[in-house]
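# Structural features, examined
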Amino acid sequence: MIGHRVIYYVYTDQPQKVECISIHKDRECKIYKTSSYVSKARIVMQRMEILHLDIKRKLIDVHYLVCADVDLVFQNDVGVEILGDLVATLHPWFYRANRDSFTYERSPLSQAYIPIDEGDFYYQANFFAGTVQEIYRLTKSCDKAIKIDDSNGIVAVFHDESHFNKYLLYHKPTKILSPEYIWNWGVHKSSEIKTVRIIHGEKNM
């Protein structure tokens, strides 16, 4: 985002471990402490609640939000080309796959349920963007669906990502990013991917 003002909002249950870094004068870093959870599933599902509540409370000083997992590693430039009203990123494992192989939630008991004959793409929930208003609507809807499932003792197959894909099925993204924005070296090499911009880093959980 060279040439633009950027605020980094860092959410962590261990703020004392966030290293102090020197950033550009047009950059600002705000660190927020979150609750600790015993499982990855609970951590990733909780972020939908955290995001929509914090947007409602205080994230009013930006036009766009780019939501990224903390373990992503930037490899090349990422700029304003990723911005739009509602932006999703194609999953590298499924961007060339048939719809029937997508790992949507298939249980009708879950709020994340997508029938076998529905769906356009499979999106990753670890890198998405949009206007503050659109991200608020997305995260609020996903959080509500997750809590309904939780009250019924249900956990969607891929946690918040399942609810994320359900939301985007009926609220189409205005921009779709290619897998170069979240690549995984475990995927077979692809002639379509000329420049890898972001990759999955190693998890420390």
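Residues numbered from 1 in each chain as written. Predicted model: local features only at pLDDT ≥ 70, side-chain atom pairs only at ≥ 80, totals over all residues. Heavy atoms only, no water.

### A short note on the overall build of the protein chain
When you go through the protein chain residue by residue, the secondary structure sums to 3 helices and 8 strands. In the protein chain, the order of α-helices and β-strands from amino to carboxyl end is β-β-α-β-β-β-β-α-α-β-β. Over its C-alpha atoms the protein chain spans a radius of gyration of 17 Å, differing by no more than 12% from the 17 Å that the globule rule assigns to 205 residues. Each of the three principal axes of the protein chain carries a C-alpha extent, and together these read 50 × 45 × 30 Å. Split into buried and exposed, the 205 residues of the protein chain put 44% on the buried side. For the protein chain, the share of sequence-separated contacts (at least 6 apart) that also reach a separation of at least 24 residues comes to 70%. Of the accessible surface of the protein chain, which amounts to about 12000 Å², a share of 53% is contributed by carbon and sulfur atoms. When the 26 basic and 26 acidic side-chain charges of the protein chain are each reduced to a single mean position, those positions are 2 Å apart. (Helix = DSSP H or I, 4+ residues; strand = E, 2+ residues; numbered from the N terminus. Rg over C-alpha atoms; globule rule 2.2 N^0.38 Å. Buried < 20%, exposed > 50% of the residue type's maximum accessible area, 1.4 Å probe, protein only. Contact = heavy atoms within 4.5 Å. Areas by Shrake-Rupley, 256 points an atom, 1.4 Å probe, with all protein chains shown as cover. Lys, Arg positive; Asp, Glu negative; His and termini not counted. Charge placed at Lys NZ, Arg CZ, Asp CG, Glu CD.)

### Quick word on the UniProt feature "binding site: UDP-N-acetyl-alpha-D-galactosamine" (unreviewed entry) in the protein chain
Summarizing the sequence annotation, UniProt attributes the feature "binding site: UDP-N-acetyl-alpha-D-galactosamine" (unreviewed entry) to Asp-69, Val-70 and Asp-71 in the numbering used throughout. Residue placement: Asp-69 occurs in the loop between β3 (64–68) and β4 (72–74). If near-sequence neighbours (up to four positions away) are discounted, Asp-69 is found in contact with Arg-47 and Asn-126. In this fold, Val-70 is placed in the loop between β3 and β4. The class of Val-70 is exposed, set by a relative accessible area of 81%. (UniProt positions renumbered as here; feature names shortened; annotations may be inferred.)

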